Structures are given as structure tokens and as C-alpha cells.
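# Remarks on the overall topology
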Amino acid sequence: MKITIVYDNEVKKEELRAGWGFSALIEDENLPPLLFDTGADSPTLLHNMKRLNIAPQDIGVIAISHAHGDHTGGLSEILRMNEIAELYLPSSFRRAFPGREVTMVKDPVQIREDLFSTGELEGVEQSLALRTDKGIFVLTGCAHPAMQSILGAAAKFGKLYGIAGGFHGFRSFKAFSDLSLICPCHCTMYKQEIRDLFKAKSLDCGAGLVIEL
Ligand SMILES: [Zn+2]
Ligand SMILES: [Zn+2]
């Protein structure tokens, strides 16, 4: 499985653009790619997708972590360009998408073979749990629910391996001590502390970063 950070507050590849928001693409053998969140605006998202050779029309699933604009900003434009994508939205998401196959997520759900949603936690946000040979990899949007709830919900799918995404104000770093890979992105307030504490197993996030699992 391969995760590409498409939209982030920082960039890892020169030709890409940064913006306050988050989006990541998940690719797995023989399956159409899944887009997790859509950043804050479509020009930045589409610019980065083009440079990363991601064709919007090929995306098979779009999952939105939560209804904040820095995660939904590119959604309308992607849907205009893509006629096939199924949507997985947290049930607090108040918008209708006529003609689309939409799953309103409340409880944990399997999206496809090795990919699950934690369910909508604390009524606000879903995270993804990716089942890989190394263990479960967690992808968060902003981590508005408590990190302990997110990790606990993801651990129901198997032993946790790593995490990437926005961690917001999370600072009970001990919760990460059993993980093997930590990639603080987007709105994470304590990036430097996390890097200092977990030097050998943390990754610098940014648009263009690829995580192979
Ligand atoms: Zn948010
Ligand atoms: Zn955010």
C-alpha cells in the first residue's frame, strides 16, 4: 500500500504548493485510488495532483474525515471532474450529493479489503485504518477526537504500526510509544516535540511525501 500526501501545510517537493489543509491518496494494487480529504481549495489540490500524476477522474473512493473547510475545500471540484467515486462521509456532514453512492459513517465500517473507517468518533471525525503487512496504519484528518479514542478504535482492526495526519493539540506523547512510524502533518501543534521525542521513527510531512507500507 502507498500513501501520498497531496495537500499539506508544508511541501516536500519543490514544484508543489502548500496550504492550510490536508489531503492524502491511498493506492493499493489493482484498486482504484482512494482520496482521503480534499484540502482547503481546489486550485492547490489540482495543481499538486497534476504534478504527482494523479488523475482526478480515476479516484474510486473519496473519504472525508470531518466537515471543516480545510478538508472539504476541493471536494466539489473533484466531484465535477469525477463521475464514479463513492463517498464515505462522517454522519455529521450536512450536505447531499444527489446521484452519488454515499455512505454516512457512524459506526466502524470496512471500505474495502484492507481499509476501514474507525467510525465517526465523538460525533465529529472519522479516521482511516489501513491493514498492511506491518500492521495497522492510521490516517487522521485533524484528530479532533481524543487521540486515545482514535488509536483505540483503529486497534480493533489489528496491531497498530504507525500514524500520519493532523494531530491538532495532541501532546500525551506516551500514546505513541508503541508505534513504529509517526508522521505529524497539517495542524499538528507539537511537531518539533514529536520529532525530538521519536527521532528514529518520525517522518517529516509535506505535500509530495510518499509512505510505502
Ligand atoms: Zn478540523
Ligand atoms: Zn484541519
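Here the structure is shown first, and the text comes after it.
Okay, so let's go over this structure. Keep in mind the model is a prediction, meaning the values are calculated, not measured.

## Here we look at the coordination of the zinc ion (ligand 1)
Coordination of the zinc ion (ligand 1) by the protein is provided by H66 (NE2), H68 (ND1) and H144 (NE2), with metal-donor distances spanning 2.1 to 2.2 Å. Read N to C, the donor residues that coordinate the zinc ion (ligand 1) are spaced as H-x1-H-x75-H.

## A short note on the coordination of the zinc ion (ligand 2)
Taken together, the protein donors to the zinc ion (ligand 2) comprise D70 (OD), H71 (NE2), C142 (SG) and H186 (NE2), at separations of 2.1 to 2.2 Å. Taken together, the four donor atoms coordinating the zinc ion (ligand 2) span angles of 88 to 147° at the metal, a pattern that classifies the geometry as irregular. Ordering the donors of the zinc ion (ligand 2) by residue number gives the pattern D-H-x70-C-x43-H. Separating the zinc ion (ligand 2) from the zinc ion (ligand 1) is a gap of 3.7 Å.

## Brief notes about the sheet that holds strand β5 (residues 86-90)
Sheet architecture is open: seven strands sit in the order β6-β5-β4-β3-β2-β1-β13, paired in mixed fashion. Here the strands that pair on one side only, and so sit at the sheet edges, are β6 (102-105) and β13 (210-212). The sheet shows a mean angle of 20° between the axes of neighbouring strands, direction not considered. Sheet topology note: the strand β2 (residues 23-27)/strand β3 (residues 34-36) ladder contains three bridges and is antiparallel.

## Here we look at helix α4 (residues 147-155)
The complete set of buried residues in α4 reads M147, I150, L151, A153 and A154. All buried residues of α4 fall inside an arc of 165° around its axis, so they share one side. Tucked inside the fold, the buried residues of α4 contact β9 (128-132), β10 (135-140) and β11 (160-166).

## Digging into the pattern of salt bridges
Counted according to the given criterion, the structure contains five salt bridges. Of the charged contacts in the structure, one is a salt bridge between E77 and R80, with a shortest N-O distance of 2.7 Å. Of this pair, E77 and R80 both sit in helix α3 (residues 75-81), three residues apart, which is roughly one turn of that helix. Its relative accessible area of 24% is what places E77 among the partly exposed residues. Taking relative accessible area as the criterion, R80 reaches 60% and is therefore assigned exposed. Across the pair D204 and R195 runs a salt bridge whose closest N-O atoms are separated by 2.8 Å. According to the relative accessible area criterion, R195 is buried, its value standing at 18%.

Conventions adopted
Residues numbered from 1 in each chain as written. Chains lettered and ligands numbered in written order. Predicted model: local features only at pLDDT ≥ 70, side-chain atom pairs only at ≥ 80, totals over all residues. Heavy atoms only, no water. Donors = N, O, S within 2.8 Å, 3.2 Å for Na, K, Ca; no water. Tetrahedral: all angles 85-135°; square planar, octahedral: opposite > 155°, others 65-115°. Pairing = 2+ DSSP bridges. Helix = DSSP H or I, 4+ residues; strand = E, 2+ residues; numbered from the N terminus. Axes fitted to C-alpha atoms, helices over the stretch in contact; angles between N-to-C directions. Buried < 20%, exposed > 50% of the residue type's maximum accessible area, 1.4 Å probe, protein only. Arc of directions from axis to C-beta. Contact = heavy atoms within 4.5 Å. Salt bridge = Lys/Arg side-chain N within 4 Å of Asp/Glu carboxyl O.

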